[in-house]
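# Structure assessment
Each chain, letter by letter, is given below.
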Amino acid sequence: MGQKGWTWRQNRQWVWVLAAVAAVCCLGTILVFAPGFLSPDSLDQLRQAEGKKPLTDWHPPVLSLVWRALIAVTGSIAAMLVLQCLVFWTALWVLARCVWGLTASRGGSLAVLGLGLAPFVLTFVGVVWKDVHAAFALLAACAVAFTGLLLRDRDLRPAVRWGLLWLGVLFLAYAMLVRKNAVVAAVPVFVMLVLALWGRPGRRTWVTCTAALVAGLAVPATAISVFAAPLQTKQGAQIMLDDLVHVLSVEELRSADVPPALRDRLVASARECERVGALSDAYWACYQRPADGLREDSGEITSLWLREMSGHVPGYLQYRLLLFTTLLFETDYAYKAGITRNDLGIEVAHPRLEDALGTYVKGMIEDVPWMFRGWFWLAVALVIAVRPGRGVFAMPVRALGISSAAYILGYLPIMPATDFRYVYWPAIACALGLLLLWLGRGTPPPRPASPGAPAGRTLTAQQPADAGGQ
C-alpha cells in the first residue's frame, strides 16, 4: 500500500513538473515576442480589430473578431499573443501528459514539450498570422484526441466522450474558419479524434460526429457573415490573376476580351512581374491596384481565367509545378523579424530578446536548411502516413502524416507565394509524428475490439505503475 501511494505521488508530481516546464516556456515565449510579431497582414487585421478599418474577408474575419474581443476585455493588443502562446503550450502540455500516461517515458514527455523550442516551430509561435492560428488549433484538436486515447479504455460517461468531441470540433472549426484550405488537414485530425474516443465507431456514431463538425463550422461562419457582415473583397481572384499574368503572353493579354482598363493593368502587371522577377503574388508585387482592389475586376478576371486556362493547360501546369517546386526546394520567409514599420506606434517590447531569437532561428536556417524546406516535411509526411509503426501511436501518427501531406499538396493549385508558413502545420505535425513513432515502438498496439465489446475497451498501453494516479 505504501509503495503504491509513493508511485501515485511520483506520477502526479511528474505531471506537475511538465506543467511547470510548459508554463515557464509559455511565459518566456510571450516575453520574447511581446507584443506579438506583426507583418503587414497582421497590422491590417489589427486595424480591423480596433475599428480603424472596415472588417473585410481578405483575411479571415474570425481572427479580427477574436482580437477585437480580446482588446475589449483586456485593453491590450498583446492579448492575442498571450492567447496564441497559451493555446500552443497548453496543447503541448496535454500531449506530453498523454505520452507520459501511455508510455511511462519521462524523457518522451519532455521531448514533446521540447518540440515547442525547435527552431522551425519557435520561429512563428508569436507571429499573429492565420497560418499560425490554424496550426495551433489543429494541434489543440490533436491534444483533445490524445486525451480520448488516454481515457478510451476507461468507463467514460457519454457526456464526457461527447464533451471531448465538441471541444475537438471547436478547434477544428476555428482552424478551417481562419484558413479555408485547412479543411484538407482538418479531416484526418477529425478522423483521429473520433477513433481515439470510440475505438471502433459504428455508422451512427460517424454520422453524428460528422454532423457535429459540419454544424461547428457552419454556425459560426453564418453568424459572422450575417452579424459582422465583412466587406466582400473577392480575394480568390488573386490566384487567377497570378495564373493569367504568368501563363499568358503579353500579346495574348493585350488582345484579351476584357474592359480596356483591366486589359491595360494585366499587360502592365505581366511586364512588371517579368522585370522584377516576381514568380508569384502578382497582386502585391506587380498589379496596379485600383481603389476597390479586386472587387470590380474579379468577375472579368474569373471569366478570362476560365476561357484562357482551358486552352493553356500545358502552360498552366508548368507554371503551377514550377511554383510548387519552389515552395518545396527554395522555401522562403522562414523567419518574421519583429514588427513591420507602422503608423500605429507599435514596436517590439524587448529588442534584445528579439535579436536573440533571430540569431537562433536564422543560424539554424543556415546550419540545417532542410528543416525549413517543404520537400523535407512532405517526405516525412508521406513516410509516416505509409509506415506509422505498430505501437500505440500508429493511428495518430498516420493521421498526422496524411494531414500534413494533404495540406502541402493542397497548395499546388492555389499557392500565392512560397513562404515557410504554408508548411508550418506540416512541420509541427510531422515532428510530433516522428517523435511518437519513436516513442511508440516499444508499446503494444491496441487490441482489436471484439464485435460485442463496449465502446472504448480497445486500448492496451504501457502506463505508469499506478494507473489510478494519472
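For the structure itself, look to the data block above.
Okay, so let's go over this structure. Here the residue numbering is sequential within each chain, running from 1 through the sequence in written order. Thresholds applied to this predicted model are a pLDDT of at least 70 for local features of residues and 80 or more for the giving and counting of side-chain atom pairs; totals over whole chains, interfaces and linings are not thresholded and use all residues. Excluded from the side-chain calculation are hydrogens and water; included are all heavy atoms of the structure.

Given a rise of 1.5 Å per residue, 13 residues ought to cover 18 Å, and the 18 Å separating the end C-alpha atoms of helix H18 (residues 374-386) matches this to within 8%. Accessibility here uses a 1.4 Å probe with only protein chains present; expressed as a share of the type maximum, an area under 20% marks a residue as buried, one over 50% as exposed, and anything in between as partly exposed. Comment: elements are numbered from the N terminus, with helices defined as DSSP H or I runs of at least four residues and strands as E runs of at least two. Those residues of H18 that fall on the buried side of the exposure criterion are Gly374, Phe376, Trp377, Leu378, Val380, Ala381, Ile384 and Ala385. The contact rule is simple, with two residues in contact once any of their heavy atoms fall within 4.5 Å. On its buried side, H18 packs onto helix H6 (119-122), helix H16 (313-329), helix H19 (394-409) and helix H20 (424-439). In a helix, the anticipated span is given by 1.5 Å times the number of residues less one.

Before going further, it helps to examine the state of the cysteines. A covalent bond bridging the sulfur atoms of two cysteines is what the word disulfide describes. Only a pair of cysteine sulfur atoms within 2.5 Å qualifies as a disulfide here. Taken as a whole and assessed by the stated rule, the structure comprises 1 disulfide. Each sulfur of the disulfide joining Cys273 and Cys286 lies 2.1 Å from the other. Since a negative S-S torsion denotes a left-handed disulfide, the Cys273-Cys286 link at about 115° is right-handed. In this pair, Cys273 sits in helix H13 (residues 260-276) while Cys286 sits in the loop between helix H14 (282-285) and helix H15 (298-309), placing the two residues 13 residues apart along the sequence. Classification of Cys286 as buried rests on a relative accessible area of 6%. The closest cysteine sulfur to the non-disulfide-bonded Cys25 is located on Cys26, 8.8 Å from its own sulfur. Using a relative accessible area of 15% as the deciding quantity, one classes Cys25 as buried. There is no disulfide at Cys142, and the cysteine sulfur nearest it, in Cys430, is 11 Å away.

With that out of the way, let us pick up the nonpolar core. General note: in soluble globular proteins, nonpolar side chains tend to be found buried as a group. Residues Trp67, Phe120, Trp377, Phe393, Phe420, Tyr424 and Trp425 are the most contacted members of the largest nonpolar core, which totals 163 residues. At 17 residues, helix H7 (residues 130-151) tops the list of elements feeding residues into this core. Structurally, this core is a two-domain feature, drawing no fewer than three residues from each of domain 1 (10-231 + 346-441) and domain 2 (235-330). What Tyr424 contacts, discounting residues up to four positions off in sequence, is Phe120, Val121, Phe124, Val125, Val132, Ala135 and Phe136. Residues belong to a common nonpolar core when they are buried Ala, Val, Leu, Ile, Met, Phe, Trp, Tyr or Cys residues joined through side-chain atoms within 4.5 Å. Residue ranges for the domains trace back to a domain assignment, done automatically or taken from a database.

Here the focus is the side chain of Ser403. By the secondary structure assignment, Ser403 is in helix H19. Engagement of the side chain of Ser403 in a polar contact is seen with the backbone oxygen of Ala185, the distance being 2.7 Å. Two N or O atoms count as a polar contact when they lie within 3.5 Å, although within protein this holds only if one can serve as hydrogen donor and the other as acceptor, and sequence-adjacent residues are included solely when both atoms are side-chain atoms. Within the structure, Ser403 has its side chain in polar contact with the side chain of Trp425 (distance 3.0 Å). Beyond its immediate chain neighbours, meaning those up to four positions away, Ser403 contacts Ala185, Pro188, Val189 and Trp425.

Any carboxyl oxygen of Asp or Glu within 4 Å of a side-chain nitrogen of Lys or Arg constitutes a salt bridge here. Counted by the stated rule, this structure contains 10 salt bridges. One salt bridge connects Arg421 with Asp131, and the closest N-O pair in it is separated by 3.3 Å. Pair noted here: Arg421 is in the loop between H19 and H20 and Asp131 is in helix H7, with a separation of 290 residues, a long-range link. Under the relative-accessibility criterion, Arg421 is labelled buried at 10%. Judged by relative accessible area, which is 2%, Asp131 ranks as buried. Connected through salt bridges with shared partners, the residues Asp41, Asp131, Arg179, Asp419 and Arg421 form a single ionic network.

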